[in-house]
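Residue strings, one per chain:
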Amino acid sequence: MDALNLTNGDIILEFVYLLSALLFVYGLKLLSSPDSARKGNLWAAAGMLMAMIATMVLHRDSDGGSIKGANLAIILGAIAFGGVIGAVIARRIKMTAMPQLVSFFNATGGAASALVALIEYSNPDNQSGLVTLLGLVIGSIAFSGSMIAYGKLNGNVKDIFTRWLTYINLVILAIIAALLLYILFGSTPAETKQILVYVLLAVSLVYGVSFVMPIGGADMPVVISLLNSLTGIAAAMAGFIYHNEAMILGGIFVGAAGMILTLLMCKAMNRSLINVIIGAFGGGGVAVDREKGVIKEISATDAAVMLYYSSKVVIVPGYGLAVAQAQHICSEMDELLEANGVEVKYAIHPVAGRMPGHMNVLLAEADVPYEKLVEMDEINPDMPKTDVVVVIGANDVVNPAALDDPSSPIYGMPIIKVHEARNVIVMKRGMGKGYAAIENYLFYGDNTRMFFGSAKESLQKLVTEIKAL
Amino acid sequence: MMESVLQFFYTNKEAIFIIALTIFLGLEVISNVPSVLHTPLMSGANAISGVIIIGGIILVGHADLENLTAGSNLLNLVLGIFALLFGTLNVIGGFVVTDRMLEMFKKKKKK
């Protein structure tokens, strides 16, 4: 709009956007501390609502026309429809399906950004070709990547793990860059460019798929927060098109926050982001020769007695707990033990599960107070004083090879030092290796006892035995 | 090409300022988040990235409903409505699910 015919409405709208942006920042700030988190979420939501309403009422196009009644009806209809579906899904979905849901909502955000960019590209008033195309590319990658992540977490998509996929990905990235530059600076008629934009959209969608495809298992938390970050950046790019501060600030802010979480997850695995994306595990050092020892099993009765008469028990949950949906029975065991005066804590590894904070959400659903969930660095010094550690469906995050075997692919990754505890009970389905397919010497340790079976059944047996004591 | 890049920087210099500062702000605000809050934080941030919904509102809001047959007006309207739908799913779903998660954390505290 022209500076000459600026109305009060335009100025108010800008102020509302500024206020919304500040509310996003304030909301996320509150979200980063447990006591104020819920309030923070509501503040951010209030900021969003304000920006939406103000846009509907006050926004004017470049000719000064405001939004007409018929258009408004369509907007409200679409929002009501999408809102009801979104709220119902969010309310009804099982807490165990949380990683999938977060990926799904992220995909919708990416899709919305890509669509807005696609439409705006053909708008003759739009002068910002570069950001429009970047929004299109990043939004599409976030969309298709998140959908693949959703499929993986839901168990519909398998990991494809091949070296050549890395090279294909690099080629696709190069094609995207070349297309982008050609559309921006090439001297082709507009009609051809419009077609190339569709090609760019398609290639970006393919890249999202091929980029997430080889990443799986323990790397999922990294990829999910990375995709989250991308959606934020895509929204910011669209914000540039409209010179909209709320969109730019909100988007970039989310992008930066997502990037931090991504790097935090990488740090928790002692790997670089590039390393995770390319899908290469480290290793290559000199192998340490060690005695394997023997696997010692424990019966449910013995395990129950051992736990019941301990004074300090630490539970280390992993993805196996989530897969078996054994969080409730785990919490039941915890309560039985606490009733006998046993101190029970949970040791949470930053990358346990399939998304950042996965174990916390899972255990919170089973009514485990969050004060009992202790982070890795805090619980490690207590390990030698712990009577029994119960490892439920976790593997690589408790593998001592990460500490002392330079040849191990996970060498250098911080772990929960359960091998230092007096006794370790490992609940495992069988002797299969973890996601990284690495031998775990913990299982052969003198103080380790194996308890084979699915986490849910094993815990059920333990609970029955403890009740009988 | 070089010129147009420089031109882009000049015309968007305020926005680039905002971005640079916002990145630092994001780093400051989010660092040191306890792992308990990783999922809600991610999902709350995800809902905020649904701010793209503003773009959807602007697009559908100024769509020319009288000349739908002209050019790609109809196509753009339909795509715009989809953008709005997806954006709303992201925003409403994201905030609601984050609230549900945090409610779970809260409930436990009283016990």
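Keep in mind that what you see is a predicted model, and the values were worked out from it rather than measured.

How should I be thinking about the interface of chain A and chain B in this particular structure?
Interface size is commonly expressed as the accessible surface area that is lost when the partners come together. The interface of chain A with chain B comprises 92 residues on the first partner and 79 residues on the second. Of all the elements in the fold, those that place two or more residues in the side of chain A that touches chain B are helix 1 (8–31), helix 2 (37–58), helix 3 (69–92), helix 4 (98–121), helix 8 (220–241), helix 9 (245–269), helix 14 (358–365) and strand 3 (373–375) of chain A. Here the residues of the side of chain A that touches chain B sort into 59 nonpolar, 25 polar and eight charged.

How should I be thinking about the environment of Leu84(B) in this particular structure?
The topology assignment puts Leu84(B) in helix 5 (residues 73–110). Judged by the 29 C-beta atoms lying within 10 Å of it, Leu84(B) falls in the buried class. The sequence separation of Leu84(B) and Gly56(B) amounts to 28 residues, and the corresponding C-alpha distance is 4.8 Å. When neighbours within four sequence positions are excluded, Leu84(B) is seen to be in contact with Ile75(A), Ala78(A), Ile79(A), Gly82(A), Ile53(B), Gly56(B), Ile57(B) and Val60(B).

Help me understand the packing of helix 3 of chain A against helix 4 (residues 53–61) of chain B in this model?
The packing of two helices is summarised by the inter-axis angle and the distance between the axes. Taken N-terminus to C-terminus, the directions of helix 3 of chain A and helix 4 of chain B make an angle of 145°; their axes are 9 Å apart at the nearest point. Of the two elements, helix 3 of chain A crosses helix 4 of chain B, and the hand of that crossing is right-handed. Here helix 3 of chain A contributes Asn71(A), Ile74(A) and Ile75(A) to the contact with helix 4 of chain B, which in turn contributes Ile57(B), Val60(B) and Gly61(B). Of the residues that constitute the contact of helix 3 of chain A with helix 4 of chain B, the class distribution is four nonpolar, two polar and no charged.

Is there a simple way to explain the pairing of strand 4 (residues 388–392) of chain A in this structure?
The side chains of a regular strand alternate between both faces of the sheet. All names here are of chain A. Of all five residues that make up strand 4, five are buried, and the element is covered over most of its length. Burial along strand 4 is two-sided: the residues Val 388, Val 390 and Ile 392 and Val 389 and Val 391 are all buried. Pairing geometry for strand 1 (residues 312–317) and strand 4, over five bridges, is parallel. Directly across from Val 316, in strand 4, lies its bridge partner Val 391.

When you look at unusual backbone geometry in this model, what are you seeing that I'm missing?
As a rule of thumb, non-glycine residues mostly have phi less than zero, and peptide bonds are mostly trans rather than cis. Residues and elements named next belong to chain A. At Gln 325, a residue that is not glycine, the phi angle is positive and equals roughly 50°. Position of Gln 325 relative to the elements: it lies in the loop between helix 12 (319–323) and helix 13 (327–339). Positioned with a positive phi, Asp 367 is a non-glycine residue whose angle comes to about 65°. Along the chain, the position of Asp 367 falls in the loop between helix 14 and strand 3. The class for Asp 367 is partly exposed, based on 16 C-beta atoms found within 10 Å.

Thresholds, definitions, all that
- Residues numbered from 1 in each chain as written.
- Chains lettered and ligands numbered in written order.
- Predicted model: local features only at pLDDT ≥ 70, side-chain atom pairs only at ≥ 80, totals over all residues.
- Contact = placed C-beta atoms within 7 Å.
- Helix = DSSP H or I, 4+ residues; strand = E, 2+ residues; numbered from the N terminus.
- Nonpolar A, V, L, I, M, F, W, Y, C, P; charged D, E, K, R; others polar.
- Buried ≥ 20, exposed ≤ 12 C-beta atoms within 10 Å, placed from the backbone.
- Axes fitted to C-alpha atoms, helices over the stretch in contact; angles between N-to-C directions.
- Left-handed = near helix turned anticlockwise from the far one by under 90°.
- Pairing = 2+ DSSP bridges.

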